[in-house]
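Chain residues, written in single-letter form:
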Amino acid sequence: MSTPAPLRSRPQTLTSLRRWFDAGANPATPGDADGDRLDVVRVVPFVAMHLACLGVFWVGVSATAIAVAVALYVLRMFAITAFYHRYFSHRTFRASRPVQFAFALIGASCVQRGPLWWAAHHRHHHAHADSPLDLHSPTVHGFWRSHVGWFLTRRAFATDLARVPDLARYPELRWLDRYDVAVPVALALALYGLGAWLEHAAPSLGTSGMQLVVWGFFVSTVALFHVTVTINSLAHRFGTRRFETRDDSRNNALLALLTFGEGWHNNHHFFPGTVRQGFRWWEIDLTWYGLRMMACVGLVRDLKPVPAWVWARARR
Ligand SMILES: [Zn+2]
Ligand SMILES: [Zn+2]
């Protein structure tokens, strides 16, 4: 006998609410029949983040606010592409434990969940790219599901630790994966404090606490989010294919510029084991340049190159 829907949904709603603060609350059972439906309790804060961007009409704008928003976009896009993607998901270079944690923290400030969740889902994507099992294939599930819908479902919520045993052995990363929401909250509070201090210490800058929160946190984070997920929704649809892969991945120069190199996505799907995603000298890959600079000063090491055999398989 099946349980009536209202009795079943109330505990699920409470669980979803707890997960706003504790991603480890009631580890999900993704097999349930509603797994692919959007979880309204998770949609609400996502929509609220977008509406908060409208705060620009109340708080105004200043050069300081724009500079903070751009700087946080650049730093956090680098954390996502260099560390969440090329380091945690693909292990294409090595880093010390403090550097690993520092960039995991910066990555968590992007409101794209914790590093274990991100890497586990991404490894699943590579294993099943553009098959029905791929949660964010645009060719299978359409644009909106691949862009935003997939991670707002109950099925996508849990972190599949079986996919990331190499990362799960670090207790500090498991803690961060569980309480990831603390990091963006701390960033927003810090921005408020900075703006409020500048309002008194340097009034000529024309900024304020709420202005830095709206521009530095909400506008920057929403832009960062949508640009990041174009790699799911657009880089499997629009662009050229240098390599014959089982998926529909494409190389797209515009997306590569916006995402600091991730747009060379067909290169990446063909050989994800290299730190580079732009394979040719003219394929601009800002993340790779940044990692080379970090390697020069000893912050990272063992950057994995593109092997010679890969070129033999290239169309051009
Ligand atoms: Zn892909
Ligand atoms: Zn990848």
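Residues numbered from 1 in each chain as written. Chains lettered and ligands numbered in written order. Predicted model: local features only at pLDDT ≥ 70, side-chain atom pairs only at ≥ 80, totals over all residues.

### Here we look at the overall build of the protein
Across its full length, the protein carries 16 helices and 2 strands. Computed over C-alpha atoms, the radius of gyration of the protein comes to 20 Å, within 12% of the 20 Å expected from 2.2 N^0.38 for 316 residues, which places it in the range of a compact globule. The burial tally for the protein puts 40% of its 316 residues in the buried class. Pairs at least 24 apart in sequence give 68% of the contacts found in the protein among residues at least 6 apart. (Helix = DSSP H or I, 4+ residues; strand = E, 2+ residues; numbered from the N terminus. Rg over C-alpha atoms; globule rule 2.2 N^0.38 Å. Buried ≥ 20, exposed ≤ 12 C-beta atoms within 10 Å, placed from the backbone. Contact = placed C-beta atoms within 7 Å.)

### Section: the UniProt feature "domain: Fatty acid desaturase" (unreviewed entry) in the protein
Here, UniProt's "domain: Fatty acid desaturase" (unreviewed entry) annotation points to residues 66–289. For the annotated span residues 66–289, helix accounts for 60% and strand for 1% of the residues, and the straight-line distance between the end C-alpha atoms is 25 Å. (UniProt positions renumbered as here; feature names shortened; annotations may be inferred.)

### Digging into the nonpolar core
The biggest cluster of nonpolar side chains holds 31 residues, and the ones touching the most others in it are A79, F83, Y84, F88, L116 and A119. When contributions to this core are tallied by element, the ones reaching two or more residues are α4 (63–89), α5 (97–108), α6 (115–128), α10 (171–178) and α15 (286–296). Among the elements that make up this core, the one with the highest residue count is α4 (9 residues). Here A79 is in contact with Y84, F103, I106 and G107, once residues within four sequence places are set aside. By size, the runner-up hydrophobic cluster in this structure holds 13 residues, among which are L72, F217, F218 and V219. (Core = buried A, V, L, I, M, F, W, Y, C linked by C-beta atoms within 7 Å.)

### Considering the packing of α4 against α6
Between α4 and α6, whose axes approach to 9 Å, the crossing angle comes to 65 degrees. Here the hand of the crossing between α4 and α6 comes out right-handed. Residues Y84, H85, F88 and S89 of α4 touch α6, and the partners they reach there are P115, W118, A119, H122 and R123. (Axes fitted to C-alpha atoms, helices over the stretch in contact; angles between N-to-C directions. Left-handed = near helix turned anticlockwise from the far one by under 90°.)

### Side note on the UniProt feature "transmembrane region" (unreviewed entry) in the protein
Per the UniProt record, the feature "transmembrane region" (unreviewed entry) sits at residues 65–84, 179–198 and 210–235. As annotated, residues 65–84 has a helix share of 100% and a strand share of 0%, and its two end C-alpha atoms lie 26 Å apart. The span residues 179–198 is 85% helical and 0% strand by assignment, and the distance between its end C-alpha atoms comes to 30 Å.

### Description of unusual backbone geometry
The backbone of F260 shows a phi angle near 65 degrees, a positive value even though the residue is not glycine. Along the chain, the position of F260 falls in the loop between α13 (253–258) and α14 (265–270). Positioned with a positive phi, D302 is a non-glycine residue whose angle comes to about 55 degrees. Tracing the backbone shows D302 in the loop between β2 (300–301) and α16 (308–312).

### Remarks on the packing of α4 against α15
Two numbers describe how α4 lies on α15: the axes approach to 10 Å, and their chain directions differ by 80 degrees. Comparing their axes, α15 and α4 come out roughly perpendicular. In this structure, α4 contributes F78, T81, A82 and R86 to the contact, and α15 contributes T287, G290 and L291. Broken down by class, the residue content of the contact of α4 with α15 amounts to 3 nonpolar, 3 polar and 1 charged. (Parallel < 35°, antiparallel > 145°, perpendicular 65-115°, else oblique. Nonpolar A, V, L, I, M, F, W, Y, C, P; charged D, E, K, R; others polar.)

### As for the environment of H141
Within the secondary structure, H141 sits in helix α7 (residues 138–141). For H141, a count of 20 C-beta atoms within 10 Å puts it in the buried group. Placed 10 residues apart in sequence, H141 and S131 show a C-alpha to C-alpha distance of 9.7 Å.

### Here's the deal with helix α11 (residues 182–201)
Because each turn of an α-helix spans 3.6 residues, side chains separated by three or four positions in sequence point in the same direction. Counted at 1.5 Å a residue, the expected span for α11 with its 20 residues is 28 Å, and the 28 Å between its end C-alpha atoms agrees. Among all positions of α11, only L187, L191, G195 and L198 are buried. Here the buried residues of α11 occupy an arc of 70 degrees about the axis, which is enough to place them on one side. The exposed set on the far side of α11, more than 90 degrees from its buried face, consists of H200 and A201. (Expected span 1.5 Å × (residues − 1). Arc of directions from axis to C-beta.)

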